[in-house]
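Examination of the molecular architecture
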Amino acid sequence: MGLGTPASSVETAVQALATPKRRGARERVFAVVLLSATVVSVLVLGVLIADVLMDGLGRINGEFFTSYASRRAERTGIRAGLTGSLSLLVMVAAMAFPLGVAAALYLEEFAPDNRLTRVLEANIANLAGVPSVVYGLLGAAVFVYLFEFGRSLLTGAFTLALLILPVVIVASREALRAVPRAIRDGGLALGATPLQVAWRQTVPSALPGILTGTILALSRAVGETAPILVAGAVLFRRSDNVPWGFFDAFTALPIQIYDFVSRPQEAFRVEAAAAAIIVLLAVLLVMNSAAIVLRNRYARRW
Amino acid sequence: MPWTPAEASVRPPAPAPEGRTSPTAAHHGVSVDAQRVFELENVSVAYGGNIAVRDVTMPIHRNEITALIGPSGCGKSTLLRCLNRMNDLIPGARVDGAVRYHGINLYDKGVDPVEVRRRIGMVFQKPNPFPKSIYENIAFGPKVLGMKDNLDDRVETCLRRAALWEEVKQKLHSSAYGLSGGQQQRLCIARAIAVNPDVILMDEPCSALDPIATARIEDLMRELEDEYTIVIVTHNMQQAARVSDRTAFMTTDVEPDEDGKDKRSGRLVEYDLTDKIFKNPGDRRTEDYISGRFG
């Protein structure tokens, strides 16, 4: 063909460029170690879910959703827990979202850079790490006794809202911080006030991030047991919290699960508990998927 | 003295060419004593104690394009940002001296920076459209300033003025991020004129654009000059020579401070008609810079 290089010298060149055997082996070993670390974490979760599904799937039927708790395992249901959890979800969102976004907006856009601001920032970051049962004790002390809301739905909602407020603030601040300076400058250069720029440009631009963070925080609130248990949720309840009985007693899905697993009968301890866990997992999965969809759909390219 | 937008839009007719005019055909008549929009008096700007710009005194004239040129770091952009108080947004920035705008010092106590910025618009180095539709980008300014009548007409007029209408009229409600860099910058100019400003400041508006897009922006500036006063910072000396009526050359000086330390800060070296600066500069440093010997 007359295209220069003889075949033999090409082969030599390819050999020289090949990965040396020892390094290739080491890289493969390392990749396997990393892969197994990933697999272990997924595997444990997979086994747990499979176990729960096997125990509980047979117990899930229409009546399980529509029945109140019963002393007889085959007739018990999660209606009160489900309506309680949904009520909590809506109330907590209504409390934590506006408050959290407003706090984040203040800290990110308006707060002067001084000692007070820095103390506030450090405290909010630390509050996000306080164990949830502590919030439960706080809720019991402040809402149940001080404000005399009693052991009611309102107390539960306030307690959970406080619990996730620092998380909502931190997530919202990050979303606001990701909005480029140039967007704000552009608005201000048109003669808009800082408030107008924040309200019409910065917050809308950051909204997908804010919503994602809020939904993830809410899904944490829905799954929490300890704080509302301490702050007064009841284990056994035979009526709904929908429509809103703010000052009524309440229960929630994780509370009912806790109740089921602490009973001696296997039909409660294993089957009903697993079935309720499946429902709770489904709720959380839906919420987290919504957060992911939101994040991907409105992902901004600046 | 309170100053309403209604008064702002009533402008005296452009002064007839008289006295000394620019010999370059490209430049329209420049009157030596054209009405002054700004008078800067001993303006110094410091960022947290470091003086970035020192003692600038110069006027800026109505319906002209004034170019600020000079090497990197000489304080051109800093000086520009004094003219609509955008420096206020930088923590630790401090402006001394007086920036008189129609006789009022912008840095007087009673002056509201928001009111300043609605009369003195700005176009930035990197096109910064809002993450919204083309229409909403233009409409944002009028909306927040309460100019809500005939918004559609206003949007169209501004896009036409910015020579962008024909390119975008079919997609007014699609994202501004779908436009090319040059189109985005023209959108930003359209957005700036939508609030009917008196002055438009441009901070290296073409530095992120290719030569063709740059030429379009330059044409646009020349058209807008009849209605607005434009101050442009540019790195590109040819650009200053092509578009501006007057040019201010700034450079970085190292001079001992009051406390004896050497400090670098930007100074105004020479300010004159653009033709004079480029053909017959009065200062050696200007000559060196424009002939490419430094900078």
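This one's a predicted model, so the numbers in the text were calculated from it and none came from an experiment. (Residues numbered from 1 in each chain as written. Chains lettered and ligands numbered in written order. Predicted model: local features only at pLDDT ≥ 70, side-chain atom pairs only at ≥ 80, totals over all residues. Heavy atoms only, no water.)

**Description of the overall build of chain B**
Looking only at helices and strands, one finds eleven helices and ten strands in chain B. Across the 295 residues of chain B, 55% fall into the buried class. Long-range pairs, those at least 24 residues apart, make up 70% of the contacts in chain B with a sequence separation of at least 6. For chain B, the exposed surface amounts to about 12800 Å²; the carbon and sulfur share of it is 49%. (Helix = DSSP H or I, 4+ residues; strand = E, 2+ residues; numbered from the N terminus. Buried < 20%, exposed > 50% of the residue type's maximum accessible area, 1.4 Å probe, protein only. Contact = heavy atoms within 4.5 Å. Areas by Shrake-Rupley, 256 points an atom, 1.4 Å probe, with all protein chains shown as cover.)

**A short note on the interface of chain B and chain A**
Counting from both sides, the interface comprises 24 residues of chain B and, opposite them, 20 residues of chain A. Interface of chain B and chain A: buried area, both sides summed, is about 1900 Å²; carbon and sulfur atoms make up 63% of it. Counting the surface chain B buries against chain A, the share from its top three residues, Pro131, Phe140 and Tyr177 of chain B, is 28%. Counting every contact that joins chain B to chain A gives zero salt bridges. At the level of secondary structure, the elements contributing two or more residues to the side of chain B that touches chain A comprise helix H3 (113–119), strand E6 (120–123), helix H4 (134–144) and helix H7 (181–193) of chain B. Among the elements that take part in the side of chain B that touches chain A, H4 of chain B stands out by supplying four residues, more than any other. Looking at the side of chain B that touches chain A, its residues break down into 15 nonpolar, three polar and six charged. (Buried area = accessible area lost by both parts, 1.4 Å probe. Salt bridge = Lys/Arg side-chain N within 4 Å of Asp/Glu carboxyl O. Nonpolar A, V, L, I, M, F, W, Y, C, P; charged D, E, K, R; others polar.)

**Considering the environment of Ile138 of chain B**
Residue and element names in this part refer to chain B. As for its position among the elements, Ile138 is in helix H4. Judged by relative accessible area, Ile138 falls into the buried class, the value being 0%. Not counting residues within four places of it along the chain, the set of residues in contact with Ile138 comprises Val155, Cys158, Leu159, Leu187, Ala190, Arg191 and Ala194.

**Describing the packing of helix H9 (residues 194–223) of chain A against H4 of chain B**
The interhelical angle for the contact between H9 of chain A and H4 of chain B, taken along N-to-C directions, is 145°, at an axis separation of 12 Å. The handedness of the crossing between H9 of chain A and H4 of chain B comes out as right-handed. Listed contacts from H4 of chain B to Gln196, Arg200 and Gln201 of chain A of H9 of chain A are Phe140, Lys143 and Val144 of chain B. Class assignment of the residues belonging to the contact of H9 of chain A with H4 of chain B gives a composition of two nonpolar, two polar and two charged. (Axes fitted to C-alpha atoms, helices over the stretch in contact; angles between N-to-C directions. Left-handed = near helix turned anticlockwise from the far one by under 90°.)

**Topic: unusual backbone geometry**
Residue and element names in this part refer to chain B. The phi torsion at Asn150 lies on the positive side, around 50°, for a residue other than glycine. Here Asn150 shows up in the loop between H4 and helix H5 (151–161). Assessed through its relative accessible area of 55%, Asn150 is described here as exposed. Positioned with a positive phi, Glu204 is a non-glycine residue whose angle comes to about 45°. With respect to the helices and strands, Glu204 occurs in the loop between strand E7 (199–203) and helix H8 (211–224).

**Thoughts on the packing of aromatic side chains**
A ring pair, where both rings are aromatic, is described by two values, the distance of the centres and the angle of the planes. Residue and element names in this part refer to chain A. For the structure on display, the rule yields eleven aromatic pairs over all chains. Taking the centre distance of 6.1 Å and the plane angle of 65° together, the rings of Phe149 and Phe247 count as edge-to-face. Here Phe149, found in the loop between helix H6 (132–146) and helix H7 (153–177), pairs with Phe247, found in the loop between helix H10 (226–230) and helix H11 (253–261); they are 98 residues apart in sequence, far enough to count as distant. A residue is classified by how much of its surface remains accessible, and Phe149, at 21% relative accessible area, is partly exposed. Exposure remark for Phe247: the relative accessible area of 56% places this residue in the exposed category. (Phe/Tyr/Trp six-rings, centres within 6.5 Å; stacked < 30°, edge-to-face > 60°.)

**Here we look at the nonpolar core**
Residues Leu88, Ile164 and Ile228 of chain A are the most contacted members of the largest nonpolar core, which totals 69 residues. Of all the secondary structure elements, the ones that give two or more residues to this core are helix H4 (79–110), H7, helix H8 (181–189), H9, H11 and helix H12 (266–297) of chain A together with H4 of chain B. Counting residues per element, this core draws most heavily on H7 of chain A, which supplies twelve residues. Excluding residues within four positions of it along the chain, Leu88 of chain A makes contact with Leu153, Gly156, Ala157, Leu160, Ile228, Phe250 and Ala252 of chain A. Ile69, Leu179, Val243 and Tyr289 of chain B belong to the second largest nonpolar core, which has 44 residues in total. (Core = buried A, V, L, I, M, F, W, Y, C linked by side-chain atoms within 4.5 Å.)

**Re the pairing of strand E3 (residues 65–69) of chain B**
Residues and elements named next belong to chain B. Burial within E3 is extensive, with five of its five residues counted as buried. Residues of E3 alternate between two faces, with Ile65, Ala67 and Ile69 on one and Thr66 and Leu68 on the opposite face, all of them buried. Here E3 runs beside strand E8 (residues 229–233); their pairing, made up of four bridges, is parallel. Within the sheet, the bridge partner assigned to Thr66 lies in E8 and is Val231. (Pairing = 2+ DSSP bridges.)

**Some thoughts on the pattern of salt bridges**
Oppositely charged side chains can form a pair if their charged atoms are brought close together. Inspection of every chain in the model, using the stated rule, returns 32 salt bridges over all chains. Ionic pairing is found between Glu109 of chain A and Arg184 of chain A, a salt bridge with its closest N-O pair at 2.7 Å. Taken together, the residues span a long stretch of sequence, with Glu109 of chain A in helix H4 and Arg184 of chain A in helix H8 at a distance of 75 residues. Note that Arg160 of chain B and Glu156 of chain B form a salt bridge whose closest N and O atoms lie 2.8 Å from each other. Separated by four residues within a single helix, Arg160 of chain B and Glu156 of chain B lie in helix H5, roughly one turn from each other. Residue class for Arg160 of chain B comes out partly exposed when judged on its relative accessible area of 45%. Because the salt bridges share partners, they merge into one network encompassing Glu108, Glu121, Arg173 and Arg177 of chain A.

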